[in-house]
Amino acid sequence: MRLLTLRTPEGTKAVRQDGGILTEIDGFADVGALLQDPAWEDKAKVANGATHALDGADLAAVVPSPGKIICVGHNYRNHIKEMGREVPEYPTLFAKYTESLIGPNDDLALPQESDTVDWEAELAVVIGKTGRRINEADAASHIAGYAVLNDVSMRDYQFRTIQWLQGKTWEKSTPFGPALVTKDEFTTGPLMTSAVDGEIQQSTPTSDLVFTPEFLVSYISTIITLNPGDVIATGTPGGVGHAQDPKRYLQEGQVLVTTIGGLGQLKNRVIKEA
C-alpha cells in the first residue's frame, strides 16, 4: 500500500493511494495518527471514504509530527570517502525536530543566516510497532514502510562544532514523502538520486548502506523505545555539494528533486526565507 497525508480545507487526512485516486481513511488526521492504531494496516486496506485526485493534491509531510526523527550520518561508503572519513564501527546518530519537515512539493526555505545549504537524499524508515531492544532478526516486523527524505543541511552551522544538530534541523528545510510505501511493496536496492535544476548530483542504490534498516532499528531501540510513526533517516550517498570542487550549494529559485525507485519523488522549489 501507499499511504499519504493530504491537506484539505477541513484539515489533513490520512489517505490510501490507488493509482491516481486518494481514498480517505476515516477517523485519522494523518499517517502518523493512523500508525498509532494497532490495526492500521487492515483499516487502511478497507478504507472507503471520500476520494480525491492525486493530480494536483496538496500533500503534507507523510508523517507530519513524528515523535522522533533519528538521522544517521556516514552510512554510504561513497559519501564517507568524499568527506574524508573512516567507515564507522557504530552508527553516527543525530536528531531532527518536526518543525523542519515540509511536504513533498512544498517550497524549501533558505535561511537568512546561511549561504551553504546542501542536499542529502535519504531513504526514510517509518516505524509501525513499538519496541525496545529489538532483535535484528525481528526488526522488519517493527517497520511500517519506507519513504523519501532529503536531509537538507546548513553546512556552516553543521561544522561550527563537533555536534551536527544545529546544521540539520532548520525550520521548513526537510522534504519528506510523498508516501509511506509498506514494507511488503519495497525492498532496499532501487536507485536513489538527487538533482538540482535537472542536473543529477547523487545516484546510488539504496542497498549500498553500511548499516541496514534492520540493524538501525535494532541498534537505536537498544538506546530508546521506538514507537509507531517514529522516523529513521538512514543516511546519504556521495554527491553532496559540500564535497565538490568548487563547493556547490542551493540557490534561490532552483528546484531540488529527490527520487527513490518504487517510493516516489520530492520536488521542492528553493525560496529565500522571509
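Worth saying up front: this structure is predicted, and the values here are computed from it rather than measured.

### Focus: the nonpolar core
In this structure, Leu3, Ile25, Phe176 and Leu180 are the most contacted members of the largest nonpolar core, which totals 28 residues. Ranked by size, the runner-up nonpolar core spans 27 residues in total, among them Ile143, Val148, Phe211 and Val217.

### Considerations on the pattern of salt bridges
This structure, assessed with the given rule, holds twelve salt bridges. For Asp37, the salt bridge goes to Lys43, with nearest N and O atoms at 2.6 Å. Taking relative accessible area as the criterion, Asp37 reaches 15% and is therefore assigned buried. Judged by its relative accessible area of 37%, Lys43 is partly exposed. With its nearest N and O atoms 2.8 Å apart, the salt bridge here joins Lys68 to Asp230. With Lys68 in the loop between β4 (51–53) and β5 (69–73) and Asp230 in the loop between α5 (213–223) and β16 (231–233), the pair connects residues that are 162 residues apart, well separated along the chain. With relative accessibility at 18%, the residue Lys68 sits in the buried group. One salt-bridge network, held together by shared partners, links Lys96, Asp118, Glu120, Asp151, Arg155 and Lys168.

### Some thoughts on a nonpolar patch on the surface
Taken together, the side chains of Leu93, Ile223 and Ile224 present a nonpolar region at the surface, about 240 Å² in accessible area. Along the chain, the position of Ile224 falls in the loop between α5 and β16.

### Some details on the environment of Gly49
Summarising the element assignment, Gly49 is placed in the loop between α2 (40–46) and β4. Judged by its relative accessible area of 15%, Gly49 falls in the buried class. With 33 residues separating them along the chain, Gly49 and Arg16 place their C-alpha atoms 9.8 Å apart. With near-sequence residues (within four places) excluded, Gly49 lies in contact with Thr23, Glu24 and Asp26.

### Digging into the side chain of His79
Structurally, the position occupied by His79 is in helix α3 (residues 77–82). Judged by its relative accessible area of 5%, His79 is buried. Contact partners of His79, with chain neighbours within four places excluded, come to His74, Thr236, Pro237, Gly238 and Val240.

What counts, and where the lines are drawn
Residues numbered from 1 in each chain as written. Predicted model: local features only at pLDDT ≥ 70, side-chain atom pairs only at ≥ 80, totals over all residues. Heavy atoms only, no water. Core = buried A, V, L, I, M, F, W, Y, C linked by side-chain atoms within 4.5 Å. Buried < 20%, exposed > 50% of the residue type's maximum accessible area, 1.4 Å probe, protein only. Salt bridge = Lys/Arg side-chain N within 4 Å of Asp/Glu carboxyl O. Helix = DSSP H or I, 4+ residues; strand = E, 2+ residues; numbered from the N terminus. Patch = residues over 30% accessible without salt bridge, like charges linked within 9 Å, V, L, I, M, F, W, Y side chains within 5 Å. Areas by Shrake-Rupley, 256 points an atom, 1.4 Å probe, with all protein chains shown as cover. Contact = heavy atoms within 4.5 Å.

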